[in-house]
Structure formats: C-alpha cells, structure tokens
Amino acid sequence: MKFTAGQIAELLNGKVEGNEEAIVRNVSKIEEGKPETLTFLANPKYSQYIYTTNAEVVIVNDSFEAEKEIKATLIRVPNAYEALAQLLEMYEQSQPQKTGIEQPSFVSESASLGDFVYVGAFAYIGENVTIGDNVKIYPQAYVGDNVKIGDNTVIYPGVKVYKNCVIGKACTIHAGAVIGSDGFGFAPNSENEYKKVAQIGNVVLNDHVEIGANTTIDRATMGSTVIQKGVKLDNLIQVAHNVEVGENTVIAAQTGVAGSTKIGKNCMFGGQVGIGGHINIADGTKVGAQAGIGGTIKKEGLTLMGSPVIDVKLFYKASAVFRRLPDLKMQVDQLQRDMDNLK
Amino acid sequence: MKFTAGQIAELLNGKVEGNEEAIVRNVSKIEEGKPETLTFLANPKYSQYIYTTNAEVVIVNDSFEAEKEIKATLIRVPNAYEALAQLLEMYEQSQPQKTGIEQPSFVSESASLGDFVYVGAFAYIGENVTIGDNVKIYPQAYVGDNVKIGDNTVIYPGVKVYKNCVIGKACTIHAGAVIGSDGFGFAPNSENEYKKVAQIGNVVLNDHVEIGANTTIDRATMGSTVIQKGVKLDNLIQVAHNVEVGENTVIAAQTGVAGSTKIGKNCMFGGQVGIGGHINIADGTKVGAQAGIGGTIKKEGLTLMGSPVIDVKLFYKASAVFRRLPDLKMQVDQLQRDMDNLK
Amino acid sequence: MKFTAGQIAELLNGKVEGNEEAIVRNVSKIEEGKPETLTFLANPKYSQYIYTTNAEVVIVNDSFEAEKEIKATLIRVPNAYEALAQLLEMYEQSQPQKTGIEQPSFVSESASLGDFVYVGAFAYIGENVTIGDNVKIYPQAYVGDNVKIGDNTVIYPGVKVYKNCVIGKACTIHAGAVIGSDGFGFAPNSENEYKKVAQIGNVVLNDHVEIGANTTIDRATMGSTVIQKGVKLDNLIQVAHNVEVGENTVIAAQTGVAGSTKIGKNCMFGGQVGIGGHINIADGTKVGAQAGIGGTIKKEGLTLMGSPVIDVKLFYKASAVFRRLPDLKMQVDQLQRDMDNLK
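Just so you know, these numbers come straight off a predicted model, no measurement behind them. (Residues numbered from 1 in each chain as written. Chains lettered and ligands numbered in written order. Predicted model: local features only at pLDDT ≥ 70, side-chain atom pairs only at ≥ 80, totals over all residues. Heavy atoms only, no water.)

*Asks:* Even after reading the chapter, I still don't get the overall build of chain A, so can you show me in this structure?
*Replies:* Within chain A, the regular secondary structure consists of four helices and 40 strands. Relative to a compact globule of 343 residues, whose C-alpha radius of gyration would be 20 Å, chain A shows 26 Å and is clearly more extended. When the 343 residues of chain A are sorted by exposure, 59% land in the buried category. Within chain A, contacts between residues at least 6 apart in sequence are counted, and of these 16% link residues at least 24 apart. Taking the average place of the 32 positive charges on the side chains of chain A and the average place of its 38 negative ones, the gap between the two points comes to 6 Å. (Helix = DSSP H or I, 4+ residues; strand = E, 2+ residues; numbered from the N terminus. Rg over C-alpha atoms; globule rule 2.2 N^0.38 Å. Buried < 20%, exposed > 50% of the residue type's maximum accessible area, 1.4 Å probe, protein only. Contact = heavy atoms within 4.5 Å. Lys, Arg positive; Asp, Glu negative; His and termini not counted. Charge placed at Lys NZ, Arg CZ, Asp CG, Glu CD.)

Following this line, the structure appears as structure tokens:
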C-alpha cells in the first residue's frame, strides 16, 4: 500500500498539518514509529512520543496541543481512535475473504445455508441448522443440531455451538469459544453424591455480539442464557446458566458470572472480576479488575472495586491503610499501654 | 409434549394441590412463568414469585407454606429440586440420541470400540484406544493413543484427551476441555533458562466425573493426576500435575489448583479460588469465591474465605472494618494527638 | 524397562550409595514409593519420606545429609531435579514418535512443509504457510494463512493459530491454545454502542517458548504481540494485544495481562495474577499468586504480593493484622471511650 497524508486526510475528513505529500506504506505504534509509516495518538499516556517518533504521519485529536516542535505530519480529526478504527477497517476489508465450502466438511442434508457462506474444512453443521447470508464458519467449528446463525456472523476455527442455540446477525465468535455447554447444576443426595440436573434450555446471542477466544457460555437449565445486543466479551470469560448480560455491556478477560444473575446495560467490567449468582447489577455499573460482587447493585452508574466491592475511591484509600496495618497495630498497642499507665 | 398436573404428580409420587387437569406443554422459570408451563420453587429467594407467576403448575417442597393465595396448581414433593431434576432427565432422555460412526472420522485399526458407540465426524481415535459401550464421542474430539474410556461416558465436541489417560464410566466431558496436557515443570539452569521436565505420567478420571468446558487437567510428571469418583468440575478450571481431587468434591468455574496438592472428599469450592501447590485440604472443606489457600487445611468441615483464607464469618467482619480503615486511621491519629497532649 | 542403580548412576554421572545391583523397572513418587521403582528427593518438604519409602533407588542432591538410616539405595548427583529431568527426557525420547501426513488432512497447495513433518488427521494448513523440519502438527490443529513455524516445534491437537502469526523454533503449544485472536479493541460511539477496531497485527512467538492448554494470546492492533525467547506460559493464561513478555519469564496458570503492557526478562508470576494495561514490569520481578498489578514496576528484582501489590513480607504482615481487624476496631473504640473519659 502507498498513500499520501493528503489522501488519508480526505478519507477521514481530517486536516493536514505539515507535508500533504508525506508518504506512508505501513502502520506502526507511536513509540516505535518508523519512516514511511502512519500512527496515531489517542491515549494521553503516549503524548511524549509524538515529539520523537519517526513515523511519517500521526493522526491526532482536534483538541491536541503541541508543547514542542513535531517532526511528523499531523492529521487532525475529531476523534483519533475512531479515525484509526475507520482506516483499519478499510484495510481489513481490502484483504482477501474466504468463501465457498471447503472439503472435507460435514453439512447435514437438513441444514439450510444462505448466500455467500464460507464453510471451512472439518467444520460440522448439524441437522436443521439455519445459516444466514455472508456467514463465515471457519475450519473445525461445530454447529449443533437446530442452531440458527444470523447474517454476516463470523465463527472462528474450533468454536463449539451446542444444539438449539441461537446466534444473531453480525456476531463474531473467536476460536475455541464454547456456546451452550451444560449449566453446572447438581442435586446432592443423602450420600453426598451429586445427581446431574439435565440442562434443557439454550443460549441466545443477540446481534452485534463479540465473544472472545476460549470463553464459555452455559445453556440455561430451562429457558435461555441471554447475551443482549452489542455486548462484547473478552477471552476466557465464564457465563453460567440462566445469566442475562444487558445491551452494550463490555466485560474484560477471565471474568466469571455465576448462575441466574442479571447484568444491566452499558456496564463495564475489568478483568478477573467475579460476580455471584442470583443477583442483579444495575445499568451503567463500572467495576475494576479482580473485584468480587456478592450482592445486588441497585443504584445505577456506580464505580466499584475490591472483593467484596466498595466505592473505587474508598477502595484505594482503604488499600493505602492496609499496607500500613502493621504500623497501625503497633501504634494502637502503644496507645493502649499509655492509656493503661494513665488509668 | 402435553401432560396434566395429575400425570406429573404420578411420575414424581407427589400430591396435587389445585386442578389435577391443569395442562402443561413446556417449562419456564418461576419469575417468567407463562400459561401452560410447568415451573418449580426450591430456592427461597424466589418465593415471592409463586404468588404472581402465570405458570400453570409449580413443583414445591412438602414443607412450603403459602402466605397468600396462589393461582397456580401446586405439586408437593419431598424435594422440589430433585423432582425437577428427575423430570428434566426424563425429557432429556426422550430426545433423539446420536449413534453410529459418522464419516469422515479417524479410528485406528488397533482401537477397540464397545457396542452402541457414537463417533462424530472429524473425531480422532488413536492407537490401542479402548472405548466402552454406549460411549458418545462428539465431532472433532481427540482421543490419544492408549486411552481407555468407560461405558456410558460422553465426550463433547473438541475435547482433547492426551495419550495414556484413563476415563471412567458415566463421565461427561464438555467441549474444549483438555485432559492430560503436560504439567508445568521446568528446571532452571545457571543462565536463567528453563529446561522442560518431560511429563511421563497421565490423568485418571474415575466414574461419574463431570468436567466443564475448556477446563484443563495436566498429566502427572510421574504417576497420575487423579480425579476421584463423583467429582464435578465447572468450566475453565485448571488442575495442575500430580493433584488429587477427592470423591464428590465440587469446584466452581475458573478455580485453579497448583501441583501435587491433595484435596479431600466432599469439599465445595466457589469460583476463581486459587489453591497452592504441595498442600492438603481436609474433607468437607467449604471455600468461598476468589479465596486463596496457601497452606494445608488440617481440620475437616471448615468454611473459609479471603486471600489468604480465614474463617468466613471473620472474613466478612474484617472486610466490614477494611472499608472503614481510612476512618479508623484518622481516629487513631487523633487519639495519638490526644494522648501526646495528656502526657 | 530394567536398569540397575549402577547403570543409572553412570548415565547421570552420579555416585551410588548402597546396592549397585538394585533393580528398577518403573518410576514412582517418593511418598508412594514401590519396590523396584526409582524416585527422587529435591524438595526438602518431602525429606521425611526418604526414611520410609519402599522405592528401590532414590536420586538425591550431593548436599543431602541423612538423619536416620535409609533402606533405599541412593544416587548422589549435583542437582537431583535436573538429573530426574534428564532421565525423564531419555524415557520420553525412547517413545514412538508420530510422523507423516495422516488423511484426511487439509494442506494448501501453496504451503511449504519441511522434512520429517507430522500432520495429523483433520489438521488444517492454510495458504502460504511455511513449516520447518521435524515439526509436529497434531490432529485438528488450525494453522491460518501465511503462518510461519520454525523447526522442531510441536503443535498439539486443536491448537488454533490465526493468519500471519509467526512461531519460532523448538516451541511447544498445548491443546486448545489460541494464538492470534483479535485484540479486545472497540471505539464507543455517542449511543453507547461499541464499534470494533480491526486488529491487523499479529503474534510472534520466539524460540523455545511453551504455551499451556487453552491459553489465549491476542494479535496486535498494529505491529506484534511478542513472546520472547524461552518464555513459559502455563494453562488458561490471557495475553492481550500488543503485550510483550520478556525472555525466560515464567507465568503460572490463569494469569491475565492487559493490553500494551511490557513485561521484563526473568520474571516469575504465580497463578491468577492480574496485570493492568499500558504498564512496564521490570526484569526479575517475582509476583505471588492472585496479585493485582495496576502500575509500572520500575525497580528490578522485587518480590510482590496482594492486590494492589506490595512487598511480599509486608503483605503477609498486613494480612495477619487484617484478620484481627474486628478486635483492633473494638480496641480503638474502647481507647476512644477511655480517652473521652479522661478528657
């Protein structure tokens, strides 16, 4: 590829500051910027690098104010990260796309495939499966009986979708994710043995959902485990049976949600968070990494941290005292001795 | 399906309270109960919904006492959850079952398969594998050389069982689980490099074990990593080399057990628990979510929480003080000033 | 197999103490030592068992000093664990090795395979893939377009390597690991929806890297996520986009590293550690299990624990006070009352 700063600015409706004819042939990170590459500055943490980068062209926010001289040509846009996303998408779409049915693959006679579908080698499409248009099923993926998959969805290699699950339009499911495994339900008997409770429900992913690699979402005991529209789940997340995750909620890697919990809309969870079962989390809740939530969060828009969770600012203050606890204990013991002497 | 309340009560040896002829055609959750559906009430948290549910029939415990009028027909049984489990199992067993050898699949000539076995397309059965009767091996599963699998076991799509492992009767292994990967053993040398220690042992799962999706169980360095009879492991759990998990122990998702640790019988672990290496956990230990266990637990039947773990009640009391630590610190500093003034 | 103590000592350049003609036919753990087996003592935690073990021969460190009489024959070597590793490796290498191309498999015409390569059934090798000599690709593995794999690397069953990734020489990747899935990058819009940011970079694993079962390593947004030479990652680890893990760093199971973080050389991380995004971790940092690291660690060689992390000794001292917090609080409240009375 080869573009000038002027051409890129035109694509992005941006303004060039510097050399309109500056040429880029590749992309790079701002801290490793190389000649003839394009980079961007969105996170202020990286501002320092704009003065030293060897990148040819840098996309910046309109609001960016330079504190020193900058060698690179700038392209100013309202939102640098969005503009970058737009460019990367154009690049991605210019790449060759997989299509057609590779052999050997297993497609049941009763399955129905839309137009322009890709089915990779060793993929398995069960009975009565319905697959929409432009769907890509990569090699070694498993689509169980009666599953429905909406238009434009991408199923990466080795994804397993158990029977009766429903996947919406424009979803992306990454390699190794498991959709619809049995919920963890067992009834103990008097000999302390556990009898399996059959899990006869399913999982429903609505449109525009993205599921990370090796993430697991269990089918409901009865009814559905539901991932609402626009939800983004990172890698290695566990979603237990009968959970509902609300619209446009975003969850980082290795977080776990226990059974029958209902998470609201527009929530954000850091990585390795644990969320207990049979509780509700209000819309717009933000939760820091490694937090533990054992009870319902009723108030919307809180920012929480710790295990059990408390207000994030309080958590950091309390943690600052935690590391001084040995001193605090000694201080109190000394006060005690002083007090005993006084009394 | 179509049943009357009377017919279901007969199946369950229960007593009808209300309309014996009430008809159910499906199941639903009590809080979303729909007409012509069957539901149940086992967890007291959901008691409120029994007075408003539109479900036709509700299975309840004999001990349940209504506080208000209930529209639905009740079926009283000794244990509502067990009764539900019984019904769900009947339903599950009435569903069509997979059987036969789908093509293409790979079955070594030296492998021995029992009667009524299902082998899905793209499944791989290595050399000298022995598979019992009624075993189901779903598509894209891998069964390495010399593996033994007992009667009635179900191996879901994409499960990987490394060579020489042994799987008991009536086990269930969910999609993407890995049984018998190498233990994490490396010997450092003087240049800070790590030399791999070959892991020549195996994994043994005894009868009636259930393993969740994408859970990993490493093979022993020498000897066996052992999962005893009746153990239930949820999704995304890590069991390291040479671990033993005792009979009927239940472990929730994303918990990890480090190498050579021995966990007793009838233990219960919440999600995201971390268990250190080379320790013992006594029978009947109960551990809350996100706990961290660094040392041996000798006394049986304790209930623990926190990282490092302490008694669960103490943990909650100490956590309540934790969130007041900034205040406590200020209070102590004020006391200090008062004391200094007094002295 | 059948060896005498004398033969083993010769292989290991060790010294026999006891019966040179003692015969071993198998290996066992010291605490379960059986007649005619070989075992070892490296971890002092297991020293007690050497006086009671029924193992025939025990490999011990030169520095080991017996406190009582030992029935078994000893073989003294400079480092018992290394000597064991050497023996296990000899055993492993004596086992039959897979080779050749099993059918059915999918190998693109444009792919290039080295000498003595194993490709298992149902493995998928995409376009323009380059595979070195002696590489083993087990069944159901996926190697996307343009991937490069160096000599002597082993890819276990069901591993998924997305397009354009690069894997070095003598690497081992365990079953179900995912290399090169999309980084978790989304740009929010004004309606609280998230637009995917295409991830056009790749993952580079350098030589002698080992990746555990079901571990996930995301591709970079631009450029590469890099795992340097000699790194060992355990099972179920998450490595986000644009991370770099430095040479010979070792990370235990279920740890997660957020995006763009740079981890130094010779670090050691316990299990379930969480590492925030856009930070640096100095060379030689040691971090205990379940720790949480939110900020850059500048000083080399620290040993840390807790969430947020603090010095490990301080963590244990502070945790000891944590469990006495309810008492401390009562003590302070009593001091307060005494003070109020005095004033």
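*Asks:* How do you make sense of the interface of chain C and chain B when you look at a structure like this?
*Replies:* Where interface size is given, it is often the accessible area lost as the parts come together that is meant. Taken together, the contact pairs 63 residues of chain C with 75 residues of chain B. Taken together, both faces of the contact between chain C and chain B bury some 5,500 Å²; the carbon and sulfur share is 64%. At the surface where chain C touches chain B, the tally comes to four salt bridges. A salt bridge links D338 of chain B to K343 of chain C; the shortest N-O distance between them is 3.0 Å. Counting every contact that joins chain C to chain B gives 29 residue pairs in polar contact (both at pLDDT 80 or more). Contributing elements (two or more residues each) for the side of chain C that touches chain B: α2 (80-93), β28 (232-233), β31 (250-251), α3 (312-322) and α4 (325-342) of chain C. (Buried area = accessible area lost by both parts, 1.4 Å probe. Salt bridge = Lys/Arg side-chain N within 4 Å of Asp/Glu carboxyl O. Polar contact = N/O pair within 3.5 Å; in protein donor to acceptor, adjacent residues only side chain to side chain.)

*Asks:* Before we go on, may I ask you to explain the relation of the copies chain A and chain B in this structure?
*Replies:* Between the two copies of the chain lies a relationship made up of a rotation around an axis and a movement along it. Placing chain A over chain B gives an RMSD of 0.1 Å and needs a rotation angle of 120°, together with 0.0 Å of translation along the axis. The transformation just described matches what one would write down for a three-fold rotation axis. Ranked by how close their C-alpha atoms come to the rotation axis, the residues of chain A are headed by F122 of chain A, at 3.6 Å. (Least-squares fit on C-alpha atoms with pLDDT ≥ 70 in both.)

*Asks:* Explain a nonpolar patch on the surface here, please?
*Replies:* Residues and elements named next belong to chain A. Taken together, M1, F3, L11, M90 and Y91 make up a surface patch of nonpolar side chains, about 420 Å² in accessible area. Locating Y91 in the fold gives a position in helix α2 (residues 80-94). Here Y91 falls in the partly exposed class, since its relative accessible area comes to 31%. (Patch = residues over 30% accessible without salt bridge, like charges linked within 9 Å, V, L, I, M, F, W, Y side chains within 5 Å. Areas by Shrake-Rupley, 256 points an atom, 1.4 Å probe, with all protein chains shown as cover.)

*Asks:* Would you mind showing me how to read the interface of chain A and chain B here?
*Replies:* Counting from both sides, the interface comprises 76 residues of chain A and, opposite them, 63 residues of chain B. Counting each side, the surface lost to burial between chain A and chain B is near 5,500 Å², with a carbon and sulfur contribution of 64%. Interface area lost by chain A to chain B is led by F184, Y194 and M222 of chain A, which between them contribute 13%. At the surface where chain A touches chain B, the tally comes to 29 residue pairs in polar contact (both at pLDDT 80 or more). Those elements that provide at least two residues to the side of chain A that touches chain B are β21 (178-181), β22 (186-188), β23 (194-196), β26 (216-218), α3 (312-322) and α4 (325-342) of chain A. Among the elements that make up the side of chain A that touches chain B, the one with the highest residue count is α4 of chain A (eight residues). Split by residue class, the side of chain A that touches chain B holds 36 nonpolar, 27 polar and 13 charged. (Nonpolar A, V, L, I, M, F, W, Y, C, P; charged D, E, K, R; others polar.)

*Asks:* Even after reading the chapter, I still don't get the pattern of salt bridges, so can you show me in this structure?
*Replies:* Where charged atoms from two side chains of opposite charge come close, those side chains can pair. Residue and element names in this part refer to chain A. Tallying each qualifying case throughout the model produces 27 salt bridges over all chains. Between K196 and D182 there is a salt bridge, with the nearest N and O atoms lying 2.8 Å from each other. Taken together, the residues span a long stretch of sequence, with K196 in strand β23 and D182 in the loop between β21 and β22 at a distance of 14 residues. Since its relative accessible area comes to 26%, K196 is described here as partly exposed.

*Asks:* Looking at this structure, how should I read helix α4 (residues 325-342) of chain B?
*Replies:* Structurally, the α-helix is built with 3.6 residues per turn, so residues lying three or four positions apart point the same way. Its 18 residues place the ends of α4 of chain B 25 Å apart at the C-alpha level, agreeing with the 26 Å of an ideal helix rising 1.5 Å per residue. Packed against the buried residues of α4 of chain B are α3 and α4 of chain A, α3 (312-322) of chain B together with α4 of chain C. (Expected span 1.5 Å × (residues − 1).)

*Asks:* What should I look at first to understand the packing of α3 of chain B against α4 of chain C in this one?
*Replies:* In a packed pair of helices, the relevant descriptors are the angle between the two axes and the axis-to-axis distance. Running from N to C, α3 of chain B and α4 of chain C point in directions that differ by 50°, and their axes come no closer than 8 Å. For the element pair α3 of chain B / α4 of chain C, the angle class is oblique. The segment α3 of chain B lies against α4 of chain C, with L314, K317, A318, V321 and F322 of chain B engaging L325, P326 and K329 of chain C. Taken together, the residues that form the contact of α3 of chain B with α4 of chain C break down as six nonpolar, no polar and two charged. (Axes fitted to C-alpha atoms, helices over the stretch in contact; angles between N-to-C directions. Parallel < 35°, antiparallel > 145°, perpendicular 65-115°, else oblique.)

*Asks:* Quick question: what am I supposed to make of the domain arrangement of chain A here?
*Replies:* Residue and element names in this part refer to chain A. On domain assignment, one finds that chain A holds domain 1 (3-94), domain 2 (100-313) and domain 3 (314-343). Summarising the inter-unit geometry, the C-alpha centres of domain 2 and domain 3 are found 47 Å apart. Facing six residues of domain 2, the contacting portion of domain 3 comprises four residues. Across the domain 2/domain 3 interface, buried area totals approximately 490 Å², and carbon plus sulfur atoms make up 69% of it. For domain 2, the biggest contributors to the area lost against domain 3 are M305, I310 and K313; these three give 69% of the whole. (Domains from an automatic or database assignment.)

*Asks:* In this structure, what is going on with the sheet that holds strand β35 (residues 274-275) of chain A? I would like to understand it.
*Replies:* Whether parallel or antiparallel, the strands of a sheet pair through hydrogen bonds between backbone atoms. All names here are of chain A. Taken together, ten strands build an open sheet; the order of strands is β9-β12-β15-β18-β21-β26-β29-β32-β35-β38 and the sheet is parallel. Every other strand in the sheet has two partners, leaving β9 (106-107) and β38 (292-293) as the edge strands with one partner each. In the sheet, β26 pairs with strand β29 (residues 238-239) via two bridges, with the strands oriented parallel. Residue pairing across strands places T216 opposite Q238, the latter belonging to β29. (Pairing = 2+ DSSP bridges.)

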